[in-house]
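Residue-level structural notes
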Amino acid sequence: MSGFEFAVPDGWSRQGEDRPGQIVYAGSTGREEFLVGVVPNAPYTSYENFTTIEKDAKKDPKKSDYQRIRLEPNTFQGRSGAIWEYTFTDTAGREIHAVNQSYVADNGTEYAIQLSWRADFWPAGEGEKTHSTALEHWRLNG
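All residue numbers refer to position in the chain's written sequence, counted from 1. Note on the predicted model: pLDDT of at least 70 is required for a residue's local features to be given, and 80 or more for side-chain atom pairs to be given and counted; whole-chain, interface and lining totals, by contrast, use all residues. Water and hydrogen atoms were dropped before computing side-chain values, which therefore reflect all heavy atoms in the structure.

Details of the pairing of strand S5 (residues 64-76)
Side-chain positions along a regular strand alternate between the two faces of the sheet. Strand pairing is assigned whenever DSSP identifies at least 2 bridges connecting the two strands. Here a strand is any run of E in DSSP of at least two residues, a helix any run of H or I of at least four, and the numbering for each starts at the N terminus. Bridge analysis of S5 against strand S6 (residues 79-89) gives 10 bridges, and the strand direction is antiparallel. For Phe76, the partnering residue across the bridge sits in S6 and is Arg79. Joining the antiparallel neighbours S5 and S6 is a turn of two residues, in which Gln77 adopts a positive phi near 50°.

Looking at unusual backbone geometry
A positive phi angle, near 60°, is found at Asp65, a position not held by glycine. Within the fold, Asp65 resides in strand S5. Phi at Gln77 takes a positive value of approximately 50°, unusual for a residue other than glycine. Within the element layout of this structure, Gln77 appears in the loop between S5 and S6. Relative accessible area serves as the criterion here: at 43%, Gln77 is assigned to the partly exposed category. Whether a residue is buried, partly exposed or exposed follows from its accessible area with a 1.4 Å probe, protein chains only, as a fraction of its type maximum: under 20%, in between, or over 50%, in that order.

Shown next as structure tokens:
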């Protein structure tokens with residue numbers, strides 16, 4: 001499941017699949033990571049998928065204090081997509097900030113590129129810069 005490439009921070013590498021269809025890229029700092037979701041033949045739009053996932057996130061005990069920053073449809077690389085940004089407190093008591101860009105490619109596969117980080121770890125704006133750089137370099141192979 002390596003049909004894509006994108007920019008990650010220096011020192012980060014592919015850690016493998018967290019669950020089937022979810023590939024993790026991370027560094028040595030611990031909680032900061034990219035999670036790339038891949039869903040072949042997606043039967044929904046990215047916005048529909050995010051609104052469904054958000055309902056579960058609000059009830060997830062591993063994501064206490066969930067707060068939506070934004071969840072809106074958008075266009076990514078000329079395709080219909082959605083962006084979802086939110087914060088929550090993880091089970092270790094750390095505030096986590098996440099931003100996730102998703103879209104359905106021409107081949108019907110949905111790709112979601114999520115960056116999560118400890119809100120107190122990176123300076124303001126650094127997470128957004130890291131995520132936007134990753135998206136600028138996002139390419140499907142083959």
